[in-house]
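Tertiary structure, described
Each chain is listed here by its residues.
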Amino acid sequence: MKTHSSFFFTGSTILTLFGLLSGHWLMLPLAFLLAFCGMVAADREQLADMDVQTAAMLLVLPSQHPLLPLDHFHGNDLLFYQAGSPVYRILQANGASWELVGEYGKVEDVSGCIRVYPGYLYRRQAR
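Residues numbered from 1 in each chain as written. Predicted model: local features only at pLDDT ≥ 70, side-chain atom pairs only at ≥ 80, totals over all residues. Heavy atoms only, no water.

1. Focus on the overall build of the protein chain
Across its full length, the protein chain carries three helices and six strands. Ordered by position from N to C terminus, the α and β elements of the protein chain give α-α-α-β-β-β-β-β-β. Each of the 127 residues in the protein chain was classed as buried or not, and the buried ones make up 27%. In the protein chain, the proportion of contacts linking residues at least 24 apart, taken out of those at least 6 apart, comes to 40%. (Helix = DSSP H or I, 4+ residues; strand = E, 2+ residues; numbered from the N terminus. Buried < 20%, exposed > 50% of the residue type's maximum accessible area, 1.4 Å probe, protein only. Contact = heavy atoms within 4.5 Å.)

In structure tokens, the structure reads:
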């Protein structure tokens, strides 16, 4: 039997009201547990209703590199702008240098690379 998230939210609301009105304070943790189960069920329902392309944009797969913000890097050798963000030949952060490899999805060997917004791969430079 598959339960809907509204079942958990309704149950937690009723338990909360009953616990508050009757003075049974030990029922409140059970109401919080039901509300938490309702949130988990609601998340699963939203993910199931999501379009495949939307889910791919929002969820990072284990085989996919996470998209890092450009804010944490200092760039050298500006090449061009993509999606309103600068694309640099070399990025530096925490004493490490990263060299541009190419656009994500168009480069075959992505081992040891990081992906930086708007979707370009950078490989760590040897010192």
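2. Let's talk about the packing of helix α1 (residues 5-22) against helix α2 (residues 28-49)
Helix-helix packing is described using two parameters, namely the angle between the two axes and the distance between the axes. The contact between α1 and α2 brings their axes to 8 Å, and the two run at 165°. Judged by the inter-axis angle, α1 sits roughly antiparallel to α2. Considering only the axes of α1 and α2, their crossing is left-handed. Facing Ser 5, Phe 8, Phe 9, Gly 11, Ser 12, Leu 15, Thr 16 and Leu 20 of α1, the residues of α2 in contact are Leu 28, Leu 30, Ala 31, Leu 34, Ala 35, Cys 37, Gly 38, Met 39, Ala 41, Ala 42 and Glu 45. For the contact of α1 with α2, a count of residues per class yields 13 nonpolar, five polar and one charged. (Axes fitted to C-alpha atoms, helices over the stretch in contact; angles between N-to-C directions. Parallel < 35°, antiparallel > 145°, perpendicular 65-115°, else oblique. Left-handed = near helix turned anticlockwise from the far one by under 90°. Nonpolar A, V, L, I, M, F, W, Y, C, P; charged D, E, K, R; others polar.)

3. Topic: the packing of aromatic side chains
One pass over the full model with this rule turns up two aromatic pairs. Pairing Phe 7 with Phe 8 gives two aromatic rings, centres 5.6 Å apart and planes at 70°, and the pair type is edge-to-face. A relative accessible area of 54% places Phe 7 in the exposed class. Ring geometry for Phe 80 and Tyr 120: centres 5.9 Å apart, planes at 70°, overall edge-to-face. Separated by 40 residues along the polypeptide, Phe 80 in strand β2 (residues 74-82) and Tyr 120 in strand β6 (residues 120-124) bring together distant segments of the chain. (Phe/Tyr/Trp six-rings, centres within 6.5 Å; stacked < 30°, edge-to-face > 60°.)

4. Here's the deal with the pairing of β6
Relative to β6, strand β4 (residues 96-103) runs antiparallel, the two sharing five bridges. Within β6, the residue paired with Glu 99 across the bridge is Arg 123. Direction of pairing for strand β5 (residues 113-116) relative to β6: antiparallel, over a ladder of four bridges. In the strand pairing of β6, Ile 114 is matched with Tyr 122. Here β5 folds back onto β6 in antiparallel fashion, the turn holding three residues, of which Gly 119 has a positive phi close to 115°. (Pairing = 2+ DSSP bridges.)

5. Focus: the nonpolar core
Of all hydrophobic cores here, the largest spans 12 residues; its members are Leu 70, Phe 73, Val 87, Tyr 88, Leu 91, Ala 93, Ala 96, Trp 98, Ile 114, Val 116, Tyr 120 and Tyr 122. Every element with two or more residues in this core is listed here: β3 (85-93), β4, β5 and β6. Looking at this core, the element that brings in the most residues is β3, giving four residues. (Core = buried A, V, L, I, M, F, W, Y, C linked by side-chain atoms within 4.5 Å.)

6. Let's talk about unusual backbone geometry
Peptide bonds are, in most cases, trans, and in most cases residues other than glycine have a negative phi. A positive phi angle, near 60°, is found at Asp 77, a position not held by glycine. Take Asp 77: it is sitting in strand β2. With a phi angle near 55°, Asn 94 is a residue other than glycine that sits in the positive phi range. Here Asn 94 shows up in the loop between β3 and β4. Classification of Asn 94 as exposed rests on a relative accessible area of 85%.

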